[in-house]
Amino acid sequence: MTHETPKTMGQQFGRRSWAEPWKIKMVERLRMTTREERDKALIEAGLNTFLLKSDDVYIDLLTDSGTSAMSDEQWAGMMLGDEAYAGSRNFYHLEAALQKYYGYKYIVPTHQGRGAEHLISQIAIKKGQFVPGNMYFTTTRLHQELAGGIFVDVILDKAHDPNSLHPFKGNIDVAKLEALIAREGASKIAYVSLAGTVNMAGGQPVSMANVKELRALCDKHGIKLYLDATRMVENAFFIQEREEGYAKKTIAEILKEFCGFTDGAWMSAKKDNLVNIGGWLAVNDWTMFEELRNLVVVYEGLHTYGGLAGRDMEAMAIGIAESVEDAHIKSRIGQVRYLGDLLTDWGIPIVQPVGGHAIFLNAREFYPHLKQIEFPAQTLAAELYLDSGIRSMERGIASAGRDAKTGDHYYPKLELTRLTIPRRVYTQAHMDVVAESVKAVFDARGATRGLKMIYEPKYLRFFQARFERLIA
Ligand SMILES: Cc1ncc(COP(=O)(O)O)c(C=O)c1O
């Protein structure tokens with residue numbers, strides 16, 4: 001038998017190894033299941049990974065939303081919750097953290113991101129106005145539409161190409177935006193909706209040059225520019241890495257500079273901010289703030305808690321400071337990249353370049369024999385779960401929903417299955433298990449059949465839809 005010298009991961013990739021800037025103090029045990037158990041669980045869940053019980057899941061890569069591991073300091077902060085109905089001291093800590101790191105003047109807490117999206121959409125959109133954005137996000141677009149807005153995708157064309165290596169595929173195509181303004185008139189534009197690292201495009205970043213250009217264009221036409229800051233810290237990492245002049249700036253400096261070009265932001269704090277629940281809305285304009293502060297009372301709670309417990313706001317304030325540490329974000333994105341490098345090396349089709357929070361398997365190329373209406377990405381999520389108990393999520397035709405006017409499905413160019421990596425939760429060994437399972441499903445792809453949807457809810461159907469296997 002030949003003996004090969006074992007190699008560390010760094011050696012295999014021709015670099016020095018790095019490790020996470022934290023150690024583990026408490027563990028949560030995972031349940032392992034058999035293939036038969038998983039098959040049964042999958043059928044009961046209507047082949048929708050959102051409907052699985054988490055007890056039946058081994059490695060949970062459904063989402064990075066609210067799934068982060070909090071630090072010992074955040075947990076200690078939870079004990080300092082001031083649960084006063086009004087004026088909780090934790091609100092003021094949160095406000096100070098947001099002013100310090102994001103730089104906005106006024107803030108309103110919300111229970112999570114979509115609470116914030118709801119409020120800003122209700123206040124900033126008049127019926128029939130257009131809301132141009134860098135690709136849609138499910139809840140964001142729905143709230144814009146419910147407020148009477150018409151979403152228009154003005155992202156670079158390259159963002160729809162999973163193989164394009166453009167370093168800032170999240171950028172808005174300024175020419176597309178200018179053309180929309182010229183066609184409809186500035187008064188018909190509610191605001192520009194800019195997301196930092198575009199989730200549906202594969203976690204692709206926006207450059208500082210792009211936000212500067214957008215600021216200038218918006219100023220010229222008197223249009224507001226609002227930011228979905230959900231993964232803006234991750235976006236800052238890509239600017240530091242890829243954009244000229246930013247290599248020596250800290251993540252905190254880049255984040256604040258970027259936000260400084262926008263008029264305000266909404267946030268799902270369940271991502272970058274390292275908490276299990278929470279969101280916020282921040283603006284610089286006092287009149288706008290007054291309206292938001294008033295509306296939050298109707299839908300979320302008083303403006304100093306917005307649907308959150310005091311302890312949750314404290315954990316968020318601490319999480320914000322931790323999230324902008326360079327060592328944290330380097331290891332967070334490094335782990336995602338590690339998984340991406342393995343899969344790329346094995347010839348498995350994924351969205352390139354690897355983004356900030358997830359690996360997006362390109363289900364169209366994975367299953368070229370399936371039509372989009374046979375839900376290739378949903379099929380892939382089901383097959384992965386069956387193989388190993390890994391839970392992923394569909395980001396394709398099921399997530400895209402239907403055109404409210406025609407009733408037909410939207411047929412997005414990207415048909416993706418997302419392996420989303422929670423922050424500070426899994427180890428490199430977990431990533432190895434995931435990579436090998438994807439490879440096993442890939443090797444068996446030729447025999448895989450698609451799905452049909454047998455139950456379709458009206459709103460955000462991907463959360464609760466049910467499917468059946470198509471028989472060969
Ligand atoms: C880019 C983006 N915006 C907004 C949201 C909505 O936030 P939440 O899930 O906290 O309501 C999400 C959640 O996944 C998101 O990824």
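These remarks concern the structure in this document.

This part is about the overall build of the protein chain. Of the regular secondary structure elements, the protein chain holds 17 helices and 14 strands. On C-alpha atoms alone, the protein chain measures out to a radius of gyration of 22 Å, which is about the 23 Å that the 2.2 N^0.38 rule sets for 472 residues. Each of the three principal axes of the protein chain carries a C-alpha extent, and together these read 70 × 50 × 45 Å. In the protein chain, the proportion of contacts linking residues at least 24 apart, taken out of those at least 6 apart, comes to 72%. If you sum the accessible surface of the protein chain, you get close to 20300 Å²; carbon and sulfur atoms cover 53% of it. Charge-centre separation for the protein chain: the mean point of 57 positive side chains lies 2 Å from the mean point of 59 negative side chains.

What follows deals with helix H6 (residues 138-146). The buried fraction of H6 is high, at 7 of 9 residues. Along H6, the residues classified as buried are Thr138, Thr139, Thr140, Arg141, Leu142, His143 and Gln144. After H6 finishes, the residue glycine 148 shows a positive phi value of roughly 95 degrees.

Turning to the site of the ligand, a few remarks are in order. As a matter of local geometry, the ligand sits amid 13 residues, with Gly113, Arg114, Asp228, Ser268 and Lys271 nearest to it. Note that an oxygen atom of the ligand is positioned 2.6 Å from one of the side-chain N or O atoms of serine 268. At a separation of 2.7 Å, an oxygen atom of the ligand approaches a polar side-chain atom of lysine 271. Contact with the protein chains removes 95% of the 390 Å² of surface that the ligand exposes when unbound. The greatest single-element share of the shell around the ligand, amounting to 3 residues, is contributed by helix H5 (residues 113-124). Of the residues that constitute the shell around the ligand, the class distribution is 1 nonpolar, 6 polar and 6 charged.

Together, Glu73, Glu253, Glu325 and Asp326 make up a region of like negative charge exposed at the surface. Checked against the element boundaries, glutamate 253 lands in helix H10 (residues 251-259).

What follows concerns the nonpolar core. Residues Tyr102, Leu194, Leu227, Phe258 and Trp280 are the most contacted members of the largest nonpolar core, which totals 61 residues. Here the element with the most residues in this core is helix H9 (residues 232-242); it accounts for 6 residues. Judged by nonpolar contacts, the second largest core, of 31 residues, contains Tyr338, Ile359, Leu380 and Met431.

The next subject is the packing of aromatic side chains. Think of a pair of aromatic rings as described by two things: how far the centres are apart, and how the planes are tilted against each other in angle. Enumeration according to the criterion identifies 15 aromatic pairs in this entry. Considering the side-chain rings of phenylalanine 13 and tyrosine 338, the 6.0 Å spacing of their centres and the 75 degrees angle between planes classify their relative orientation as edge-to-face. In this pair, phenylalanine 13 is assigned in the loop between helix H1 (9-12) and helix H2 (35-44) and tyrosine 338 in helix H13 (residues 326-345), connecting sequence segments 325 residues apart. Owing to a relative accessible area of 28%, phenylalanine 13 belongs among the partly exposed residues under this scheme. Exposure remark for tyrosine 338: the relative accessible area of 3% places this residue in the buried category. Where tryptophan 286 meets phenylalanine 289, the ring centres are 5.4 Å apart and the plane angle is 55 degrees; that geometry is what we call tilted. With tryptophan 286 and phenylalanine 289 both in helix H11 (residues 286-299) and 3 residues apart, the pair spans about one turn of that helix.

Before going further, it helps to examine the packing of H5 against H11. For any two helices packed against each other, one specifies the inter-axial angle together with the distance between the axes. Their axes nearest at 10 Å, the elements H5 and H11 cross at an angle of 125 degrees. For the element pair H5 / H11, the angle class is oblique. Judged by the twist between their axes, the crossing of H5 over H11 is right-handed. Of the residues in H11, those touching H5 at His118, Leu119, Ile120, Gln122, Ile123 and Ala124 are Met288, Glu291, Leu292, Leu295, Val296 and Tyr299. The residue makeup of the contact of H5 with H11, split by class, is 9 nonpolar, 2 polar and 1 charged.

Our next topic: the sheet that holds strand S9 (residues 358-362). With respect to topology, 3 strands assemble into an open sheet ordered S9-S12-S11, the strand pairing being antiparallel. Only two strands of the sheet have a single partner each, and these edge strands are S9 and strand S11 (393-395). Strand after strand, the sheet turns through a mean of 35 degrees between neighbouring axes, direction not considered. Where S11 meets strand S12 (residues 416-420), 3 bridges bridge the pair, whose relative direction is antiparallel. What sits directly across from arginine 395, in S12, is leucine 416.

A word on unusual backbone geometry. The step from glutamine 352 to proline 353 runs through a cis peptide bond, and the omega angle for that step is -15 degrees. Secondary-structure assignment places proline 353 in the loop between H13 and S9. A positive phi angle, near 55 degrees, is found at leucine 47, a position not held by glycine. Take leucine 47: it is sitting in the loop between H2 and strand S1 (59-60).

Turning our eyes to something else, we now look at the pairing of strand S5 (residues 192-195). The two faces of the sheet receive side chains in turn, since in a regular strand these alternate between them. Of the two faces of S5, the one carrying Val192 and Leu194 and the one carrying Ser193 and Ala195 are both buried. Examined bridge by bridge, S5 and strand S6 (residues 225-228) share 4 bridges and lie parallel to one another. What sits directly across from alanine 195, in S6, is aspartate 228. A crossover links S5 with its parallel partner S6, the connecting element being helix H8 (residues 208-221), and its sense is right-handed.

Counting through the fold element by element, glutamate 117 comes out in helix H5. Within the buried set, glutamate 117 has no salt-bridge partner at all; the shortest N-O distance to an opposite charge, 5.8 Å, is to arginine 114. At a separation of 2.9 Å, a polar atom in the side chain of glutamate 117 contacts the side chain of threonine 139. The residues contacting glutamate 117, other than those within four sequence positions of it, are Thr139, Thr140, His143, Asp228 and Trp266.

This part is about the pattern of salt bridges. Tallying each qualifying case throughout the model produces 27 salt bridges. One salt bridge in this structure joins glutamate 44 and lysine 40, with 3.5 Å as the shortest N-O distance. Here the residue glutamate 44 and the residue lysine 40 both occupy positions in helix H2, the gap between them amounting to 4 residues, near one helical turn. Of the two residues examined, glutamate 44 and lysine 40, each falls in the exposed class.

Analysis parameters
Residues numbered from 1 in each chain as written. Predicted model: local features only at pLDDT ≥ 70, side-chain atom pairs only at ≥ 80, totals over all residues. Heavy atoms only, no water. Helix = DSSP H or I, 4+ residues; strand = E, 2+ residues; numbered from the N terminus. Rg over C-alpha atoms; globule rule 2.2 N^0.38 Å. Contact = heavy atoms within 4.5 Å. Areas by Shrake-Rupley, 256 points an atom, 1.4 Å probe, with all protein chains shown as cover. Lys, Arg positive; Asp, Glu negative; His and termini not counted. Charge placed at Lys NZ, Arg CZ, Asp CG, Glu CD. Buried < 20%, exposed > 50% of the residue type's maximum accessible area, 1.4 Å probe, protein only. Near = heavy atom within 4 Å. Polar contact = N/O pair within 3.5 Å; in protein donor to acceptor, adjacent residues only side chain to side chain. Nonpolar A, V, L, I, M, F, W, Y, C, P; charged D, E, K, R; others polar. Patch = residues over 30% accessible without salt bridge, like charges linked within 9 Å, V, L, I, M, F, W, Y side chains within 5 Å. Salt bridge = Lys/Arg side-chain N within 4 Å of Asp/Glu carboxyl O. Core = buried A, V, L, I, M, F, W, Y, C linked by side-chain atoms within 4.5 Å. Phe/Tyr/Trp six-rings, centres within 6.5 Å; stacked < 30°, edge-to-face > 60°. Axes fitted to C-alpha atoms, helices over the stretch in contact; angles between N-to-C directions. Parallel < 35°, antiparallel > 145°, perpendicular 65-115°, else oblique. Left-handed = near helix turned anticlockwise from the far one by under 90°. Pairing = 2+ DSSP bridges. Right-handed = clockwise from strand over helix to strand, strands pointing away.

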